[in-house]
Amino acid sequence: MEQAAGCPAVGGSYPQKNAEILSSQYGINLFLAGLLLTFAWAVHAVGISKSHLLSYLITLMLIQLLWMLWYLCRSCTQRRLIRDKDTHAGARWLKCGITLFAVITLILDSFKIGYYIDFSNCLSPTEGIFPVTHAVHTILQVYFLWCHAKDVIQSFKTLERFGVIHSVFTNLLLWTNGVLTESKHQLNEHKERLITLGFGNITIVLDDHAPQCNCTTTTFCSIFSQGIYYLYPFNIEYHILASTMLYVLWKNIGRKVEHHQQNKTPFKFHGITVGMIFGLIVLTSTIAIVVVYLIQIGGSKIKSELALTMFYLHAIFVLALMCTAGIVALLIYRLEDRSLDNSKNPARKLDAELLVGTAAGSWLLSWGSILAIICAQSHPKYTWYNLPYSVLVIIEKYIQNLFIIESIHREQEKVNDNIKTLRIVTISRGSTLSLTPLYKEIYNGRAARDSGDIPCLFKGSIRGRENDGAGVAREETSQDNNLVMHSASDFSFYSRNSVTNNKRRILKNIAAFLFLCNLSLWIPPAFGCRPEYDNGLEEIVFGFEPWIIVVNLAMPFSIFYRMHSAASLFEVNCKT
């Protein structure tokens, strides 16, 4: 009978599992088709033009728009129903971040529309339709994620799986398209700069997709064409964040959620002044380095070498500080005895996997640089700085990944529920009882200083006392002993609390410092400061085209790693 009763439950899981497998295969094939179409356009394949790629992307966005509208309408009709929510998914700060990137993406779309208007005589209509569709898609998708990122879907599960996974891979293809377009622009600028560094043996052939006609308004064309590439980094981050949030939504479909209240962890500036100050110093200096680098690189051979040397020295110093901060944080964790939270959490699992997976992009570039330095026959002076820089990049990501993954898996410190409800009772030399401030005040060190009473914690009920002479004498003696014991216990409690607060303060400062450092290290590659291109040594050892392919494949993951690390460290700071 037990086996028969269990059969329906087991059998009932098969349709859900099959739907998950089928929808994932649908999404992968959707992505591979778009990826090959993107690659064919990039290499100028015969019969494949940009309009074909954009038509495919427009179709995918329109399908996603229809699905989101259907889901929103169905949610409105069922708004009175109580829905399961994943409290770990779609954090408010993550929604604010994706909204910021979305706003800049809308500015990018407006620039593309203006660019199309100026070159409308020789551009395909799809290049005008694409930014309009993309703008509508961005607005609706951000609204959808704000309202439904935490949903745990329990109805129409098979249909919803296909709709959500379609949205995931649509955003991944839009991310791929943005990465490719931005990389081609960076590559053209890189090829023009290589001659300056004396690498004349490398063939310079620009891969230009510029329109074959004149612009109607030259001034606006220049603004639109140059401004587009400065906005692409934000568009790229927007799509990758959207795809991760949608992936968590897909993993939550049909999931049984444990109903427990999650502690709110708001961000507070109090207690992280030191970390913020040092982090802001790093951020300010990094922006200055990037500005100088972009001005100097390509000006002359001497200026280019000085720009590379300046970049490497600054990066070595920052990475060394980050390694030290991460080691200190890990040592503090080793001194604490706190259990790990091993409950099922798709958002947390995805965060850990993305940290390690995207770090592989930087590791690939670093090992390539190390191998090039070892194997090269001649070494310009500035290339030697690349060796400690590459080694530190590998070590820093090792340490930082350990710190972040352990932080997000550690259980939040909880105060015992019994202690929370206690009241502090002071017993005077007489027979009267008086209530003193709540435990929270004692916890914060605000005990009553004016009274001469000594607080003591108690459990259970207070027994009445007999007022006979002998009983009073014995009770007073017992009270004196208890007061001494409670005083020692309170002192021990305050000492442990003080040590814990100091550790938390140090960890919060480290998390704040690493958060700003990761934002700082995101800026250089996102805005064109890429020594992996301009160094030149790797291209001599590996060959120009093979190394450029490696850089173009690994760089997007390296850039995303820094932004994702910053987001994770923000969460660590809130939880600590």
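Residues numbered from 1 in each chain as written. Predicted model: local features only at pLDDT ≥ 70, side-chain atom pairs only at ≥ 80, totals over all residues. Heavy atoms only, no water.

Novice: So what exactly am I meant to see when it comes to the overall build of the protein chain here?
Specialist: The helix and strand tally for the protein chain stands at 16 helices and three strands. Each of the 576 residues in the protein chain was classed as buried or not, and the buried ones make up 47%. Surface accessibility of the protein chain: about 29700 Å² in total, with carbon and sulfur atoms responsible for 64%. (Helix = DSSP H or I, 4+ residues; strand = E, 2+ residues; numbered from the N terminus. Buried < 20%, exposed > 50% of the residue type's maximum accessible area, 1.4 Å probe, protein only. Areas by Shrake-Rupley, 256 points an atom, 1.4 Å probe, with all protein chains shown as cover.)

Novice: What is the right way to look at the packing of helix α3 (residues 92-118) against helix α4 (residues 126-148) in this model?
Specialist: Geometry of a packed helix pair, given as the angle between the helix axes and the separation of the axes. Orientation of α3 relative to α4, taken along the N-to-C sense of each, is 165 degrees, at an axis distance of 9 Å. When the axes of α3 and α4 are compared, the pair comes out roughly antiparallel. Crossing handedness for the pair α3 and α4: left-handed. Residues R92, K95, C96, I98, T99, A102, T105, L106, D109, K112, I113 and Y116 of α3 lie in contact with α4, whose contacting residues are E127, G128, F130, P131, V132, H134, A135, T138, I139, V142, L145 and W146. When its residues are assigned to classes, the contact of α3 with α4 shows 14 nonpolar, five polar and five charged. (Axes fitted to C-alpha atoms, helices over the stretch in contact; angles between N-to-C directions. Parallel < 35°, antiparallel > 145°, perpendicular 65-115°, else oblique. Left-handed = near helix turned anticlockwise from the far one by under 90°. Contact = heavy atoms within 4.5 Å. Nonpolar A, V, L, I, M, F, W, Y, C, P; charged D, E, K, R; others polar.)

Novice: So what exactly am I meant to see when it comes to the pattern of salt bridges here?
Specialist: A pair can form between side chains of opposite charge whenever their charged atoms are brought close. Scanning the model with the defined rule gives five salt bridges in all. Here K251 makes a salt bridge to E20, at a shortest N to O gap of 3.7 Å. Within this pair, whereas K251 is found in helix α6 (residues 218-251), its partner E20 is found in helix α1 (residues 2-42), the two being separated by 231 residues in sequence. Owing to a relative accessible area of 34%, K251 belongs among the partly exposed residues under this scheme. R74 is paired through a salt bridge with E160; the nearest N and O atoms lie 2.5 Å apart. Residue R74 is found in helix α2 (residues 50-77), and its partner E160 is found in helix α5 (residues 157-194); the two are separated by 86 residues along the sequence. Taken as a pair, R74 and E160 share a single burial class, namely buried. (Salt bridge = Lys/Arg side-chain N within 4 Å of Asp/Glu carboxyl O.)

Novice: Where do I start with the side chain of R562 in this structure?
Specialist: With respect to the helices and strands, the residue R562 is situated in helix α16 (residues 544-575). For R562, the side chain forms a polar contact with the side chain of E396, separated by 3.0 Å. Filtering out sequence-adjacent residues up to four positions away, R562 remains in contact with L319, M322, E396, K397, Q400, N518, L521 and W522. (Polar contact = N/O pair within 3.5 Å; in protein donor to acceptor, adjacent residues only side chain to side chain.)

Novice: Teacher, can you tell me more about the packing of α2 against α4 here?
Specialist: Running from N to C, α2 and α4 cross one another at 30 degrees; their axes reach a closest spacing of 9 Å. One element, α2, and the other, α4, form an angle in the roughly parallel class. Judged by the sense of rotation from one axis to the other, the crossing of α2 with α4 is left-handed. Its residues assigned to classes, the contact of α2 with α4 shows 17 nonpolar, 10 polar and two charged.

Novice: I tried to follow the nonpolar core on my own but got confused; where do I start?
Specialist: If you look at the biggest cluster of nonpolar residues, it comprises 124 residues, and the most contacted ones within it are F144, F311, M322, Y389, F403 and L514. For this core, the element with the highest residue contribution is α6, accounting for 16 residues. Both domains that meet at this core, namely domain 1 (15-256) and domain 2 (266-411 + 499-575), each give it at least three residues. With sequence-adjacent residues up to four places away left out, L514 is seen in contact with M322, A325, Q400, F403 and L569. (Core = buried A, V, L, I, M, F, W, Y, C linked by side-chain atoms within 4.5 Å. Domains from an automatic or database assignment.)

Novice: I keep staring at the environment of L387 and nothing clicks. Help me out?
Specialist: The topology assignment puts L387 in helix α10 (residues 386-409). Along the primary structure L387 and I374 are separated by 13 residues, whereas in three dimensions their C-alpha atoms are 9.2 Å apart.

Novice: Got a minute to help me understand the environment of R255 in this structure?
Specialist: Summarising the element assignment, R255 is placed in the loop between α6 and α7 (273-296). Residue class for R255 comes out buried when judged on its relative accessible area of 11%. Ignoring sequence-local partners within four residues, the contact set of R255 consists of D86, V152, Q154, K344, N345 and P346.

Novice: Explain empty space enclosed by the protein to me, please; I cannot follow it from the model alone.
Specialist: To find leftover empty space, a probe the size of one water molecule is rolled over the atoms. A complete count under the given rule lists five cavities of 30 Å³ or more for this structure. The computed volume of the largest cavity comes to approximately 310 Å³. If you trace the largest cavity, you find 24 residues lining it, with F311, Y389, V393, E532 and S558 closest to the centre. When contributions to the lining of the largest cavity are tallied by element, the ones reaching two or more residues are α8 (301-335), α9 (346-375), α10, α13 (469-526), α14 (531-534) and α16. No other element matches the five residues that α10 contributes to the lining of the largest cavity. Taken together, the residues that form the lining of the largest cavity break down as 13 nonpolar, six polar and five charged. Considering only enclosed or pocket space, the second largest cavity measures out at about 120 Å³ in volume. (1 Å grid on protein atoms, 1.4 Å probe; cavity = no way out; pocket = protein on both sides within 12 Å on 5 of 7 lines; lining within 4 Å. Points joined across faces, edges and corners; volume = space filled by probe spheres on them.)

Novice: When you look at the packing of aromatic side chains in this model, what are you seeing that I'm missing?
Specialist: For any pair of aromatic rings, the description consists of the separation of the ring centres together with the inter-plane angle of the planes. Going through the model one piece at a time under the given rule, you end up with 20 aromatic pairs. Note on W67 and Y71: the rings are 5.7 Å apart at their centroids and 40 degrees apart in plane angle, and the pair reads as tilted. Placement of the pair is W67 and Y71 together in helix α2, with a separation of four residues, close to one helical turn. Residue class for W67 comes out buried when judged on its relative accessible area of 10%. On the basis of an interplanar angle of 85 degrees and a centroid distance of 5.8 Å, the ring pair of W522 and F527 is categorised as edge-to-face. Taken together through their ring pairs, the aromatic side chains of F101, F234, W522 and F527 make up a single cluster. (Phe/Tyr/Trp six-rings, centres within 6.5 Å; stacked < 30°, edge-to-face > 60°.)

Novice: Help me understand a nonpolar patch on the surface in this model?
Specialist: A grouping of V274, I277, F278 and I281 is seen on the molecular surface, where their side chains present a nonpolar patch of about 390 Å² in accessible area. In this fold, I281 is placed in helix α7. (Patch = residues over 30% accessible without salt bridge, like charges linked within 9 Å, V, L, I, M, F, W, Y side chains within 5 Å.)

Novice: Teacher, can you tell me more about the confidence of the model for the protein chain here?
Specialist: Looking at the protein chain, pLDDT values average 77 and 73% of them are 70 or higher. Below a pLDDT of 50 lies the segment residues 1-12, which in the model reaches zero contacts outside its immediate sequence neighbourhood of four places, other chains included. Segment residues 415-467 is flagged for pLDDT under 50; beyond a separation of four residues in sequence, or across chains, it makes 60 contacts in the model. (pLDDT = per-residue confidence, 0-100.)

Novice: Teacher, can you tell me more about unusual backbone geometry here?
Specialist: Working note: non-glycine residues mostly have negative phi, and peptide bonds are mostly trans. One non-glycine residue with positive phi stands out, namely H44, at about 60 degrees. Checked against the element boundaries, H44 lands in the loop between α1 and α2.

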